[in-house]
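# Summary of the model geometry
For reference, the chains in residue letters:
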Amino acid sequence: MDHATKEAQDADGSSAEPRPLKGYAALLATYGAGLAAVAATVRLTGRTLPDRIDVQDLTTIAVATHKISRLVTKDAVTGPLRAPLTRLEGSAGAGEVNETVRHHGGFRHAAGEMVTCPFCTAVWTATGLTAGMVIAPRLTRLVASAATAVAAADFLHLAYDMVKQRATGSRR
């Protein structure tokens, strides 16, 4: 039994599903390298970090992070990007799908978890958008505004469907 599997065992020696600790470490190293690249870019371009992010930008980044992370991890149309790492389990409604990790153990398992978890992907998305506010603020605001508009439209579509169902007494 390798070290990563041993670490996944409970204190009483029973084994839970092994966690891909080496794969997680590789993802963390990639994330750290990305942060280092952002820091180097900021320094080399002479940009300065803001003292704070204003409320409007923070709100836009938050909503855009929600939408982009769900688009990456749940949208049916982006399924082909996840397919090498995931297995389709079925529809989750409203254009979304449920998928599970295809590979068990190692980096592909960890990456599969990353691309099926909107909470996990949100960290990377928020970091990218926040870095973009320093490096390319106009482009980042444009992209984040578009994602925010799509998120608002999603909620309006769902609200419209709920109102329509109540008005007609029907269910989908």
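Preceding this paragraph is the structure being described.
Residues numbered from 1 in each chain as written. Predicted model: local features only at pLDDT ≥ 70, side-chain atom pairs only at ≥ 80, totals over all residues. Heavy atoms only, no water.

## Here's the deal with the packing of helix H3 (residues 55-74) against helix H7 (residues 137-168)
Relative to each other, H3 and H7 sit at 65°, their axes nearing to 8 Å. Relative to H7, the crossing made by H3 is left-handed. Along its contact with H3, which presents Asp57, Thr60, Val63, Ala64, His66, Lys67 and Ile68, the element H7 presents Arg141, Ala144, Ser145, Ala147, Thr148, Val150, Ala151, Asp154 and Phe155. When its residues are assigned to classes, the contact of H3 with H7 shows 8 nonpolar, 4 polar and 4 charged. (Axes fitted to C-alpha atoms, helices over the stretch in contact; angles between N-to-C directions. Helix = DSSP H or I, 4+ residues; strand = E, 2+ residues; numbered from the N terminus. Left-handed = near helix turned anticlockwise from the far one by under 90°. Contact = heavy atoms within 4.5 Å. Nonpolar A, V, L, I, M, F, W, Y, C, P; charged D, E, K, R; others polar.)

## Describing the environment of Ala39
Tracing the chain through its elements places Ala39 in helix H2 (residues 21-45). For Ala39, a relative accessible area of 46% gives the class partly exposed. Residues Ala39 and Ala131 lie 92 residues apart in sequence; the distance between their C-alpha atoms is 8.9 Å. (Buried < 20%, exposed > 50% of the residue type's maximum accessible area, 1.4 Å probe, protein only.)

## Quick word on the nonpolar core
Burial of nonpolar side chains together is a common tendency in soluble globular proteins. Listed in full, the 6 residues of the largest apolar core are Ile61, Ala64, Leu129, Met133, Ala144 and Ala147. Elements that contribute at least two residues to this core include exactly H3, helix H6 (118-135) and H7. When sequence neighbours within four positions are dropped, the list of residues in contact with Leu129 reads Ile61, Ala64, Thr65, Ile68, Thr140 and Ala144. (Core = buried A, V, L, I, M, F, W, Y, C linked by side-chain atoms within 4.5 Å.)

## Concerning the layout of surface pockets
Its boundaries defined by the atoms lining it, the largest pocket holds a volume of some 400 Å³. In terms of lining, the largest pocket is formed by 17 residues, of which the most central are Lys67, Ala94, Glu96, Asp154 and Leu158. Sorting the residues of the lining of the largest pocket by element identifies H3 and H7 as the ones contributing at least two each. Ranked by residues supplied to the lining of the largest pocket, first place goes to H7 with 7 residues. (1 Å grid on protein atoms, 1.4 Å probe; cavity = no way out; pocket = protein on both sides within 12 Å on 5 of 7 lines; lining within 4 Å. Points joined across faces, edges and corners; volume = space filled by probe spheres on them.)

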